[in-house]
Amino acid sequence: MKIALEMAEKGIGKVNPNPLVGAVIVKDNRIIGKGYHKTYGGLHAEREALKSCFENPSGATMYVTLEPCCHYGKTPPCVDAIIENGISRVVVGIRDPNPLVGGKGIDKLRKNGIAVVEGVLEAECRSLNTIFFHYIKTKTPYITLKYAMTIDGKIATKTGASRWISGEDSRINVHTDRNTYSAIMVGLNTVISDDPLLNCRLEQGNDPIRIICDTNLKTPLDSKIVKTSVDNKTIIVTKSHDEKLIKLYEDCGCDVLVQESLDNDRIDLRNLVQELGSRGIDSILLEGGSTLAWSALEAGIVDKVQAYISPKIFGGIAKTPVAGKGIDFPDNAIRLSKPKVRYFGEDILLESEVLKC
Ligand code: AOF
Ligand code: ZN
């Protein structure tokens, strides 16, 4: 199952919004085939593994990170391939939360006389597919708010300079995440102040779709994002109905998504995530700024927070990661789970899930 998990990871960034899945086929204590889900719409891991077998898999055991499917989707059911190939035992990491499957794959295997063992490395198999599990249930993207701050909680100096706070190793991890998530979202102020590209700078990495929340359609037409939007998909979300202005951005290659506003001022983020989910966006890395961060937290759309903390102190009156209206009393704080701690060079990364009640 560990090998199957490693195989599954090879699909990172290439299968969204489908799950990462790996499979290994073992006969007489030897691996005779292995495979993973390589691209969205492509063969499932189980069929890839069967295809790779260098000897007859009849009587073999298949280890697979996710319950095999039993429905006709973009490909025929994997359980049929397992049965036809005479696999005698299937070891499953975790049940598929997809309502089309949800235990029915396992039932069909058992009905056909195949022994099924469930729940092997279940926690690992679930956390491999945090995004898929969230998206298949909610139809909205899994959203991670990410920022880098100093040890005194600043995301810029008092002059507004912010390059760089975190170190090289942290920044590489951010690009690993940009490869994993389907989209990256920022507010207009971030585009104006940083003029970022928001692409993935890993070799062979996938560029996320770039989403700009721009209430009044003021994104500079000469910003790097707009200038590269023919090659890198860009969605500008606005409440402006100004058709001439919208056409200017569309002519540059951007998609303009007009959203009704919440209070005539801000975009309705809850509506927005429903719309983005319906377009197949299963995950979003929210990379600033602090006003959008507050709006997203207040709207309850943030699932996880990633805080890179760098051992530096800026002092002075300077920006912090989350601004907006804020709350009045500590008892009313937005609460998060006990953080997971990772180290990147001199920085630490705290990862914590937003507790939703
Ligand atoms: C995958 N890859 O290796 C496995 C999946 O739309 P389809 O036909 O590709 O089916 C997608 C569903 O199939 C997915 O939601 C999950 O429930 C199941 N298993 N999917 O993309 C795989 N094993
Ligand atoms: Zn399948």
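Quick look at the structure, then. If you're wondering where the values come from, they're calculated on a predicted model, not measured in any experiment.

In this structure, the second largest pocket encloses a volume near 880 Å³. Elements that contribute at least two residues to the lining of the second largest pocket include exactly helix H5 (122-128), helix H6 (130-138), helix H7 (168-180), strand E12 (304-310), strand E13 (340-344) and strand E14 (347-353). With five residues, the single largest contributor to the lining of the second largest pocket is H7. Class assignment for the residues of the lining of the second largest pocket results in 10 nonpolar, 14 polar and 10 charged.

Octahedral metal centres with six donors ideally show angles of 90 or 180 degrees, and tetrahedral centres with four donors ideally show 109.5 degrees. Protein coordination at the zinc ion (ligand 2) comes from His 44 (ND1), Cys 69 (SG) and Cys 78 (SG), with a distance range of 2.0 to 2.3 Å. In the primary sequence, the donor residues of the zinc ion (ligand 2) line up as H-x24-C-x8-C. Of this pair, His 44 sits in the loop between strand E2 (30-36) and helix H2 (45-52) while Cys 69 is found in the loop between strand E3 (61-66) and helix H3 (78-84), placing the two residues 25 residues apart along the sequence. Residue Cys 69 is classed as buried on the basis of its relative accessible area of 5%.

Another aspect to go through is the pattern of salt bridges. For the structure on display, the rule yields 21 salt bridges. Across the salt bridge formed by Glu 298 and Arg 266, the nearest N and O atoms sit 3.4 Å from each other. Here Glu 298 is found in helix H12 (residues 290-299), whereas its partner Arg 266 is found in the loop between strand E10 (255-258) and helix H11 (269-278), with 32 residues between them in sequence. The partly exposed category is assigned to Arg 266, whose relative accessible area is 28%. The partner of Asp 303 in a salt bridge is Lys 356, and the shortest N-O contact between them spans 2.8 Å. Here Lys 356 lies in the segment after E14 and Asp 303 lies in the loop between H12 and E12, a separation of 53 residues in the sequence. Residue Lys 356 is classed as partly exposed on the basis of its relative accessible area of 48%. Taken together, the shared-partner salt bridges connect Lys 304, Lys 340, Arg 342 and Glu 351 into one network.

Enumeration according to the criterion identifies two aromatic pairs in this entry. With a centroid separation of 6.1 Å and an interplanar angle of 85°, the aromatic rings of Phe 132 and Phe 133 are classed as edge-to-face. Stacked on the ring of Trp 164, the Lys or Arg Arg 171 has its end atom at 4.2 Å from the ring centre.

With that settled, the discussion passes to the site of ligand 1. Taken together, 16 residues sit near ligand 1, with His 37, His 44, Ala 45, Lys 74 and Asp 96 positioned nearest. Separating an oxygen atom of ligand 1 from a side-chain N or O atom of His 37 is a distance of 2.9 Å. At a separation of 3.2 Å, a nitrogen atom of ligand 1 approaches a polar side-chain atom of Glu 46. Alone, ligand 1 offers 480 Å² of accessible surface; in the complex the protein occludes 96% of this. A per-class count over the shell around ligand 1 returns six nonpolar, seven polar and three charged.

Counting residues in each nonpolar core, the largest one holds 41 residues, and the members touching the most others are Ile 25, Met 62, Val 64, Ile 82, Ile 87, Val 90 and Leu 109. Residues contacting Ile 87, with those up to four places away along its chain left out, are Ile 25, Leu 50, Pro 57, Gly 59, Ala 60, Met 62, Ile 82 and Ile 114. Listed in part, the 32 residues of the second largest apolar core include Ala 296, Ile 301, Ile 309 and Val 354.

Along strand E11 (residues 283-286), one buried face is formed by Ser 283 and Leu 285 and the opposite face, lined by Ile 284 and Leu 286, is buried too. Inspection of the sheet shows strand E6 (residues 142-150) paired to E11 by four bridges, in the parallel sense. What sits directly across from Thr 144, in E11, is Leu 285. Pairing geometry for strand E7 (residues 183-187) and E11, over three bridges, is parallel. Following the sheet pairing, Met 185 is matched in E11 by Leu 286.

A separate point is the sheet that holds E2. Within the open sheet, the five strands sit side by side as E2-E1-E3-E4-E5. Their pairing is mixed. With partners counted over all chains shown, the strands left at the sheet margins are E2 and strand E5 (115-118), one partner each. On average, each strand axis in the sheet is tilted by 15° relative to the strand beside it, whichever way the strands run. By the bridge criterion, six bridges tie strand E1 (residues 22-27) to E2 in an arrangement that is antiparallel.

Rules of the game
Residues numbered from 1 in each chain as written. Chains lettered and ligands numbered in written order. Predicted model: local features only at pLDDT ≥ 70, side-chain atom pairs only at ≥ 80, totals over all residues. Heavy atoms only, no water. 1 Å grid on protein atoms, 1.4 Å probe; cavity = no way out; pocket = protein on both sides within 12 Å on 5 of 7 lines; lining within 4 Å. Points joined across faces, edges and corners; volume = space filled by probe spheres on them. Helix = DSSP H or I, 4+ residues; strand = E, 2+ residues; numbered from the N terminus. Nonpolar A, V, L, I, M, F, W, Y, C, P; charged D, E, K, R; others polar. Donors = N, O, S within 2.8 Å, 3.2 Å for Na, K, Ca; no water. Buried < 20%, exposed > 50% of the residue type's maximum accessible area, 1.4 Å probe, protein only. Salt bridge = Lys/Arg side-chain N within 4 Å of Asp/Glu carboxyl O. Phe/Tyr/Trp six-rings, centres within 6.5 Å; stacked < 30°, edge-to-face > 60°. Lys NZ or Arg CZ within 6 Å of the ring centre and 35° of its normal. Near = heavy atom within 4 Å. Polar contact = N/O pair within 3.5 Å; in protein donor to acceptor, adjacent residues only side chain to side chain. Areas by Shrake-Rupley, 256 points an atom, 1.4 Å probe, with all protein chains shown as cover. Core = buried A, V, L, I, M, F, W, Y, C linked by side-chain atoms within 4.5 Å. Contact = heavy atoms within 4.5 Å. Pairing = 2+ DSSP bridges. Axes fitted to C-alpha atoms, helices over the stretch in contact; angles between N-to-C directions.

Treat this as a map of the structure, not an account of what it does.
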